[in-house]
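Close look at the chain arrangement
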Amino acid sequence: MARDRVFRTIWIVLSFTLVACAHDMRVMKMEEALNSYGSAIRWGAFQKAWDFQTDKQKRAPDFKALKNIKVTGYDSVFRTVQNEGTIVLQTVEIRYIDNERLVEKSLTDEQKWHFDVEKKQWLLDSSFPKFE
């Protein structure tokens, strides 16, 4: 009996540990995805940033026109995690220069991310930023 209780206790502890590890892995993947996306935008790798989109059937931005955009700042101003860590809402301020106009502009990008359990990756549900 005491032996069964010990094994049951060990099983419970291991189960909680595995759940915690899975959550930590999802959080690490979240940070990695959001940072990679931000870096892609910051460095003008817009096609790489497009790869984070959930729905590839959406109309892609005009990547040729985006070659005139130079991002000068990408700052996360708000982030919240919802639905037991499977949804992230993030607000980002993006500052940029259109090389044809040489005027710095800014836009607020409202992002909604979700964790795709099957693909084991974070995907962006919201629209691609509109550099106008």
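Note on numbering: residues in each chain are counted from 1, in written sequence order. Local features are withheld for residues below a pLDDT of 70 in this predicted model, meaning they are given only at 70 or higher, and side-chain atom pairs are given and counted only at 80 or more; totals for whole chains, interfaces and linings count all residues. The basis for every side-chain value is the complete set of non-hydrogen atoms in the structure, without hydrogens or water.

1. Brief notes about the side chain of Ser126
Put simply, DSSP marks the helices as runs of H or I at least four residues long and the strands as runs of E at least two long, and each gets a number from the N terminus on. Position of Ser126 among the secondary structure elements: in the segment after strand E4 (121-124). Think of a polar contact as two N or O atoms within 3.5 Å of one another; within protein, one of them needs to be a possible hydrogen donor and the other a possible acceptor, and neighboring residues in sequence only count if both atoms come from side chains. A distance of 3.4 Å separates a polar atom in the side chain of Ser126 from the backbone oxygen of Glu110. In contact with Ser126, other than residues within four places in its own chain, are Gln53, Lys58, Glu110, Gln111 and Lys112. Note on contacts: a residue pair qualifies if any of its non-hydrogen atoms lie within 4.5 Å across the two residues.

2. Some words on the nonpolar core
Counting residues in hydrophobic clusters, the biggest one holds 25 residues, and the most contacted among them are Tyr37, Ile41, Trp113, Phe128 and Phe131. Of all elements in the fold, only helix H1 (2-42), helix H2 (46-50), strand E1 (69-82), strand E2 (87-98), strand E3 (104-116) and E4 reach the threshold of two or more residues within this core. Counting residues per element, this core draws most heavily on H1, at six residues. We define a nonpolar core as any set of buried Ala, Val, Leu, Ile, Met, Phe, Trp, Tyr and Cys residues linked to one another through side-chain atoms lying within 4.5 Å. Each residue is assigned to one of three classes by its accessible area relative to the maximum for its type, calculated with a 1.4 Å probe on protein chains only: buried under 20%, partly exposed between the two thresholds, exposed over 50%.

3. Quick look at the side chain of Asp116
Residue position: Asp116 is located in strand E3. One buried charged residue, Asp116, remains without a salt bridge, the closest side chain of opposite sign being Lys119 at 4.6 Å. Leaving out residues up to four positions away in the same chain, Asp116 has contacts with Gln121 and Leu123. Residues scored as positive are Lys and Arg, those scored as negative are Asp and Glu, and His as well as the terminal groups of each chain are ignored. Think of a salt bridge as a Lys or Arg side-chain nitrogen and an Asp or Glu carboxyl oxygen that are within 4 Å of each other.

4. Observations regarding the pattern of salt bridges
The final tally for this structure, using the stated rule, is three salt bridges. Here Arg95 ties to Asp75 by a salt bridge, and the two come within 2.8 Å at their closest N and O atoms. Here Arg95 is found in strand E2, whereas its partner Asp75 is found in strand E1, with 20 residues between them in sequence. In this structure Asp75 comes out as partly exposed when scored by relative accessible area, which is 33%.

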